[in-house]
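Spelled out from the first residue to the last, the chains are:
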Amino acid sequence: MNQAVNQSSMRASCGEVDTFLVRAHGYAAFAMLLASVTFGILVSLQFIFPDFMADWLPGWGRMRYAHTQGIMFGWLGNAFLAFMYHAVPVLSGRPVTSRKIGLWLFGVWNFAVMIPGWTLVLSGFSQPLEWAEFPPIVDAFVILGLLLAAAQFLPPFIRRGITDLYVSGWYLVGGLVFTLLSYPMGNFAPEVVPGAAGAAFSGLWIHDAVGLFVTPMALAILYYVIPATTGRPIFSHFLSMLGFWGLFFLYPLNGTHHYIFSVIPMEAQMTAIIASFLLGVVVIIVVTNLMLSQRGAGLIPRDIGLRFVSMAVLFYLVVSIQGSLQANMSLNQTVHFTDWVIGHSHLAMLGFATFAGIGGILHAWQRMPDARYNARAFEWAYGLLTVGIWLMVIDLTIAGIVQGQLWADGSPWLESLQASRPYWVMRSLSAIPVAAGFIALFVGLVTGPRGAGVVQINAEQQEQAAAQLLPEAAHAAPSRGLKMSYVVASVAGVVFFVLSVSLLGLLPRQMLEEQSVAMAPGAPLPYTPAEARGREIYAREGCSYCHSQQIRYTEADLERFGAPTLAWEGRLEYPHMLGTRRIGPDLSRAGGTRSADWHYAHLFAPRAVVPQSIMPGYPQLFDGTATRPRQEARDLVAYIDSLGRARELAYPEGDIAARAAAGDDDWAQMSLNAPQLNAHPGRTRPRGEAPALAANGDVAQGTALWLENCAGCHGDLGQGDGPAATWLEPMPKNLSIREYSRTMLADILWNGVHGSAMPAWRDLDDGQRAALAASVQNLARVDNTANAAQAALGAAVYARHCAECHGDNGAGNGFAAAQLPIAPTDFRGVRASLDERVRILRNGVAGTSMAPWTDRLDDNEITAVAHYIGTFFQPDNGGARP
Amino acid sequence: MIADIVVWGSLICAALYCGAWLLSPRLREQIEQPKHQFQQQVQHFDTARREAGQQERSQS
């Protein structure tokens, strides 16, 4: 009797699948997928051609925001909703709540979340948080959408009763409930909890977005489509439920593994690492069950929906094992921040979740009697997408290993960019089959005969299913014990979620606050209004996608960037910008590292300053040239120049006090005892000791290094006429009319020219610097024939006017030298041509304290002193620092 | 310590679940019941859809 009633309600529900809403969300999903993929392709192309359509596009970071949010909400959100409209009536035996809610949900999801969200982030209104890029106003509509989805899809399950619910139903219910719980936490908490403590909440959301939203929905599809297509029940419902509870218990506890080696307390990091490994075990159980459930379907199933789902299972296995491995500290040390992680996220979102989503939509589409269905197009789509996504993921994974190795061995940053280039080219090429595959899918949905899908439903398998009798015991109502166990498990699931927020969010917040109070200087150093405005610009342009602001507690970071970031350094950061990827170097201690004019030139035209750079330019922040920065450019540079300032000002006295407070906190001590607070290789320092350079530098190697690193400012031939030359003050030196001693070059390459745009080059090894020095010496074309009589006359003029800055012996150490922002030239180490010396004496050097002398010296005196200055030069061993 | 709680909590929950499954044949059948019910639901649904498709084709 009961069975008859059930069957009656099942038949009723069959007619009550709202195909209009399946179709609406299906079309919206694919339209948004194509747009999101377009954003992704443009982003990837700008890795190879950084100026590609730069005048027309909204900016790299903004498109990256649009890409990730589009994939998660626009594509996957709509795809999952389309599938739920098909699956919920079948799983629950009841229709969804109402068409009216459905229309509201469709409207909110697409016209209050996606379209405004994209418009806002592309216009510069965003939140600089991974997987939470839409601004908070849009978040409110996401939550409204999730509430509408809950109102639409949960009541049928509640009315039916959930104690004997099929696993797909459990995943749909769990996904809706837990996403509602975690979304506000991940999107709003970092706005009110600063720095690393806020990052702890971000980490939770980054993982919950995948683990509590995407994965449950995708697994619901896999568990649905496999038995529905093969005609055989899944291998084990027991294992499926074990996996379900395992995932919901453990996923929320993984989040902090996005910030391993950060200042977040080790206890929280270890919890996430352990949970990640346990999760790997659970995933293996889930995948084993899913694979056994496909037995007999063949390695490449005939049904196209099942084929996509089958590949999704494989993607899920690989991405989950990869995820567990990434939490391993030794691997994490190398691959974190690299393209390995980008490959991993593409495997999760474009591989596993997308293939599941496609499988779900195709399964539903096939069962709509009036829907167009072009099986041939779907076959093409499957082949193209499979090839494209594997190619992309393998390529990015290898790229990540290469990048990680180069960073670990201390190679110059630009080497990692150069080494990455072929992989980035391959990544963009892999987008061709991916994009073609998605287009083929869309074509398949809108072409082909109407109802062609229904015809292809495998009747033979369905008959097999009909022949299978429901086991006798299965007709009985679930026992009280089983009902109770599900209730207990449901409560435990919520408890584990609360546990995750408490242990990995609230507790670290408390500990980090305590650490901040103990170690921070008494008075916080807030941003000036200009710096605060600059921070907003930095956030809106997505700078934190490429530049992290956390120096990790690893040897590689310690050596490359300096003292690892302490908790208090982020105590005013709302929201944090720790970042999860490094394409450019970390900027935690960028303050004081470069001159303002270098920043302006670099922002205006990055490749003019750093020829190998792939940073997007921001000419819109300037009035036509780098020397005319608008307010926004000034604000942005003010912000960049403030990074690390608080720690710098507290150093070293502050660190001495903090060392006592740190006690036996090994990691805090590691930061406080770092050999250098700021180890940025380009940071300029006053003249000082520098490692001596070998005399036999390789000129050919040096020339190559010159073109990569120096030509942007000094020009290819060293004539001080590089593309960025006129934007810098003082202008880059014309090296073709200057002789340098090796000692002087050793000093300049090691310390830079403090106060000017000339950086230090400490990331080049001794051999590279020697080669560069040899090539610089090779540039000089100077005839410095001395005129002894003139020199003798000039000595008196020099003593009267020049020695106070340049020193009696030309060493640049006159009594006034210490007061000057840029040290006076040390004539023992450099000798310009006579004409250049005269020119400088007549015109001065813009941007330095060297003034024109024509108002005080006549032509004869100028010529004489120019001759005299040339006598200081000591080519062999000159330039020894005072 | 927190990691210990997570490890042991998860293992104990899993062990209890597996233990109950091993010790109670009736529970085993009940736990597997939803997959059979689902199979019937899907089969009914597909049958209905095939019939609807045939009607659609015959009308056109």
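Remember, it's a predicted structure, so these values are computed and weren't measured experimentally.

Concerning the overall build of chain B
Part 1 of the reasoning: Summing up its helical and strand segments, chain B has 2 helices and 0 strands in all.
Part 2 of the reasoning: In terms of overall dimensions, chain B is more spread out than a globule: its C-alpha atoms have a radius of gyration of 22 Å, far above the 10 Å expected for 60 residues.
Part 3 of the reasoning: The 60 residues of chain B split such that 47% are buried.

Topic: the interface of chain A and chain B
Part 1 of the reasoning: Facing 63 residues of chain A, the contacting portion of chain B comprises 38 residues.
Part 2 of the reasoning: Carbon and sulfur atoms make up 67% of the surface buried where chain A meets chain B, a total of about 4700 Å² over both sides.
Part 3 of the reasoning: Connecting chain A to chain B are 1 salt bridge.
Part 4 of the reasoning: A salt bridge links Arg367(A) to Asp46(B), with the nearest nitrogen and oxygen atoms 2.7 Å apart.
Part 5 of the reasoning: On inspection of chain A and its partner chain B, the count reaches 10 residue pairs in polar contact (both at pLDDT 80 or more).
Part 6 of the reasoning: At the level of elements, helix 1 (2-14), helix 3 (60-92), helix 7 (195-230), helix 8 (237-250), helix 9 (266-293), helix 15 (452-455), helix 16 (459-467) and helix 17 (480-519) of chain A are the ones that each hand at least two residues to the side of chain A that touches chain B.
Part 7 of the reasoning: Grouping the amino acids of the side of chain A that touches chain B by side-chain chemistry returns 43 nonpolar, 13 polar and 7 charged.

Section: the pattern of salt bridges
Residues and elements named next belong to chain A.
Part 1 of the reasoning: Under the counting rule described, the total for this entry stands at 31 salt bridges over all chains.
Part 2 of the reasoning: With a shortest N-O distance of 3.4 Å, Glu513 and Arg509 are connected by a salt bridge. Placement of both Glu513 and Arg509 in helix 17 is noted, with a separation of 4 residues, approximately one turn of the helix.
Part 3 of the reasoning: On the basis of relative accessibility, which here comes to 40%, the residue Glu513 falls in the partly exposed class.
Part 4 of the reasoning: Residue classification places Arg509 among the partly exposed positions, given a relative accessible area of 30%.
Part 5 of the reasoning: In this structure, Arg738 engages Glu836 in a salt bridge whose closest nitrogen and oxygen atoms are separated by 3.0 Å. A residue pair is termed long-range when its members are at least 10 positions apart, and Arg738 in strand 1 (residues 738-740) and Glu836 in helix 32 (residues 834-843) qualify at 98 residues.
Part 6 of the reasoning: Connected through shared salt-bridge partners, Arg62, Arg540, Glu541 and Glu632 make up one network.

Points about the domain arrangement of chain A
Residue and element names in this part refer to chain A.
Part 1 of the reasoning: What the domain assignment reports for chain A is domain 1 (2-460 + 482-507), domain 2 (529-672), domain 3 (699-779) and domain 4 (788-870).
Part 2 of the reasoning: In this structure, domain 1 and domain 3 have C-alpha centres spaced 50 Å apart.
Part 3 of the reasoning: If you look at the interface, domain 1 gives 6 residues, while domain 3 gives 5 residues.
Part 4 of the reasoning: Summed over both partners, the interface of domain 1 with domain 3 comes to about 320 Å²; 42% of that surface belongs to carbon and sulfur atoms.
Part 5 of the reasoning: Sorting the residues of domain 1 by area buried against domain 3 places Pro412, Leu414 and Gln418 first, and these three jointly supply 79% of that buried surface.
Part 6 of the reasoning: The tally of links from domain 1 across to domain 3 stands at 1 residue pair in polar contact (both at pLDDT 80 or more).

Quick look at a nonpolar patch on the surface
Residue and element names in this part refer to chain A.
Part 1 of the reasoning: A cluster of nonpolar side chains, contributed by Leu391, Val425, Met426, Leu429 and Ile432, occupies part of the molecular surface with about 400 Å² of accessible area.
Part 2 of the reasoning: Take the nonpolar patch: its biggest share by element is 4 residues, from helix 14 (residues 413-446).
Part 3 of the reasoning: You can see Leu391 is positioned in helix 13 (residues 375-408).
Part 4 of the reasoning: Owing to a relative accessible area of 35%, Leu391 belongs among the partly exposed residues under this scheme.

A few points about the packing of helix 6 (residues 167-192) of chain A against helix 7 of chain A
The description of two packed helices rests on the angle between their axes and on the distance between the axes.
Residue and element names in this part refer to chain A.
Part 1 of the reasoning: For the pair helix 6 and helix 7, interaxial distance at closest approach is 8 Å and the crossing angle is 160°. By the angle between their axes, helix 6 is roughly antiparallel relative to helix 7. Regarding helix 6 and helix 7, the two cross each other, and that crossing is left-handed.
Part 2 of the reasoning: Among the residues forming the contact of helix 6 with helix 7, the class breakdown is 20 nonpolar, 8 polar and 1 charged.

A short note on helix 22 (residues 631-642) of chain A
Residue and element names in this part refer to chain A.
Part 1 of the reasoning: Taking 1.5 Å per residue as the helical rise, helix 22 with its 12 residues ought to reach 16 Å, and the 16 Å between its terminal C-alpha atoms agrees with that figure.
Part 2 of the reasoning: Listed in full, the buried residues belonging to helix 22 are Ala633, Asp635, Leu636, Val637, Tyr639, Ile640 and Ser642.
Part 3 of the reasoning: Elements in contact with the buried residues of helix 22: helix 18 (529-540), helix 20 (596-604) and helix 23 (645-650).
Part 4 of the reasoning: In the stretch just after helix 22, Gly644 is the one whose phi turns positive, near 85°.

Brief notes about unusual backbone geometry
Residue and element names in this part refer to chain A.
Part 1 of the reasoning: Cis geometry is found at the peptide bond from Tyr574 to Pro575, where omega equals -15°.
Part 2 of the reasoning: Here the bond from Glu729 into Pro730 is cis, since omega is 5°, no more than 30 degrees from zero.
Part 3 of the reasoning: Within the secondary structure, Pro730 sits in the loop between helix 27 (711-714) and strand 1.
Part 4 of the reasoning: Backbone geometry places Met53, a non-glycine residue, at a positive phi of 50°.
Part 5 of the reasoning: With a phi angle near 70°, Phe261 is a residue other than glycine that sits in the positive phi range.

Details of the side chain of Gln549(A)
Residue and element names in this part refer to chain A.
Part 1 of the reasoning: Here Gln549 lies in the loop between helix 18 and helix 19 (555-560).
Part 2 of the reasoning: Exposure remark for Gln549: the relative accessible area of 11% places this residue in the buried category.
Part 3 of the reasoning: There is a polar contact of 3.2 Å between the side chain of Gln549 and the side chain of Tyr538.
Part 4 of the reasoning: Engagement of the side chain of Gln549 in a polar contact is seen with the side chain of Tyr639, the distance being 3.2 Å.
Part 5 of the reasoning: Every residue in contact with Gln549, bar those within four places of it in the chain, is listed here: Tyr538, Glu573, Met577, Leu578, Asp586, Ser588, Tyr639 and Leu643.

A look at the environment of Ser741(A)
Residues and elements named next belong to chain A.
Part 1 of the reasoning: By the secondary structure assignment, Ser741 is in the loop between strand 1 and helix 28 (742-751).
Part 2 of the reasoning: Note on Ser741: relative accessible area 0%, which makes it buried.
Part 3 of the reasoning: Taking the C-alpha atoms as reference, Ser741 lies 83 Å from Val454; in sequence the two are 287 residues apart.
Part 4 of the reasoning: Side-chain polar atoms of Ser741 contact the backbone nitrogen of Met744, separated by 3.0 Å.

A look at the packing of aromatic side chains
Part 1 of the reasoning: If you walk through the whole model with that rule in mind, you get 49 aromatic pairs over all chains.
Part 2 of the reasoning: Relative to Phe248(A), the ring of Phe178(A) has its centre 5.0 Å away and its plane inclined at 50°; by these criteria the two rings are tilted. With Phe178(A) in helix 6 and Phe248(A) in helix 8, this residue pair connects regions lying 70 residues apart in the sequence. Accessibility classification places Phe178(A) together with Phe248(A) in one group, the buried group.
Part 3 of the reasoning: For the pair Phe604(A) and Phe622(A), a centre-to-centre distance of 5.4 Å together with 80° between the ring planes defines the contact as edge-to-face. Of this pair, Phe604(A) sits in helix 20 while Phe622(A) sits in the loop between helix 21 (606-609) and helix 22, placing them 18 residues apart in sequence. Accessibility assignment for this pair places Phe604(A) and Phe622(A) in one class, buried.
Part 4 of the reasoning: Among the aromatic residues, those joined into a ring-pair cluster are Trp170(A), Tyr171(A), Phe178(A), Tyr223(A), Phe244(A), Trp245(A), Phe248(A), Phe249(A) and Phe497(A).
Part 5 of the reasoning: Geometry around Tyr545(A) places Arg64(A) over its ring, the cationic atom sitting 3.7 Å from the centre.
Part 6 of the reasoning: Between the NZ or CZ atom of Arg28(B) and the centre of the ring of Trp21(B), over which it lies, the distance is 5.5 Å.

A look at the environment of Tyr224(A)
Part 1 of the reasoning: Residue placement: Tyr224(A) occurs in helix 7.
Part 2 of the reasoning: Taking the C-alpha atoms as reference, Tyr224(A) lies 9.8 Å from Val309(A); in sequence the two are 85 residues apart.
Part 3 of the reasoning: Look past the residues within four positions of Tyr224(A) in its chain and what remains in contact with it is Phe83(A), His86(A), Ala87(A), Val90(A), Leu91(A), Ser168(A), His363(A), Phe38(B) and Val42(B).
Part 4 of the reasoning: A distance of 3.4 Å separates polar atoms of two side chains, one belonging to Tyr224(A) and the other to His86(A).

Description of the confidence of the model for chain A
All names here are of chain A.
Part 1 of the reasoning: Taken as a whole, chain A shows an average pLDDT of 91; of its residues, 95% reach a score of 70 or greater.
Part 2 of the reasoning: The low-confidence segment residues 1-12, where pLDDT is below 50, has 10 contacts with residues more than four positions distant or belonging to other chains.
Part 3 of the reasoning: The model gives residues 878-882 a pLDDT under 50, and that stretch makes 20 contacts with residues more than four places away or in other chains.

Focus on the environment of Gln550(A)
Residue and element names in this part refer to chain A.
Part 1 of the reasoning: On the secondary structure map, Gln550 appears in the loop between helix 18 and helix 19.
Part 2 of the reasoning: On the accessibility criterion, Gln550 (3% relative accessible area) is buried.
Part 3 of the reasoning: Taking the C-alpha atoms as reference points, Gln550 and Thr580, 30 residues apart in sequence, are found 9.4 Å from one another.
Part 4 of the reasoning: Here Gln550 is in contact with Tyr259, Ser262, Phe337, Asp557, Thr565, Leu578, Gly579, Arg582, Asp586 and Ser588, once residues within four sequence places are set aside.
Part 5 of the reasoning: Polar side-chain contacts of Gln550 include one of 3.3 Å to the backbone oxygen of Gly579.

Criteria and cut-off values
Residues numbered from 1 in each chain as written. Chains lettered and ligands numbered in written order. Predicted model: local features only at pLDDT ≥ 70, side-chain atom pairs only at ≥ 80, totals over all residues. Heavy atoms only, no water. Helix = DSSP H or I, 4+ residues; strand = E, 2+ residues; numbered from the N terminus. Rg over C-alpha atoms; globule rule 2.2 N^0.38 Å. Buried < 20%, exposed > 50% of the residue type's maximum accessible area, 1.4 Å probe, protein only. Contact = heavy atoms within 4.5 Å. Buried area = accessible area lost by both parts, 1.4 Å probe. Salt bridge = Lys/Arg side-chain N within 4 Å of Asp/Glu carboxyl O. Polar contact = N/O pair within 3.5 Å; in protein donor to acceptor, adjacent residues only side chain to side chain. Nonpolar A, V, L, I, M, F, W, Y, C, P; charged D, E, K, R; others polar. Domains from an automatic or database assignment. Patch = residues over 30% accessible without salt bridge, like charges linked within 9 Å, V, L, I, M, F, W, Y side chains within 5 Å. Areas by Shrake-Rupley, 256 points an atom, 1.4 Å probe, with all protein chains shown as cover. Axes fitted to C-alpha atoms, helices over the stretch in contact; angles between N-to-C directions. Parallel < 35°, antiparallel > 145°, perpendicular 65-115°, else oblique. Left-handed = near helix turned anticlockwise from the far one by under 90°. Expected span 1.5 Å × (residues − 1). Phe/Tyr/Trp six-rings, centres within 6.5 Å; stacked < 30°, edge-to-face > 60°. Lys NZ or Arg CZ within 6 Å of the ring centre and 35° of its normal. pLDDT = per-residue confidence, 0-100.

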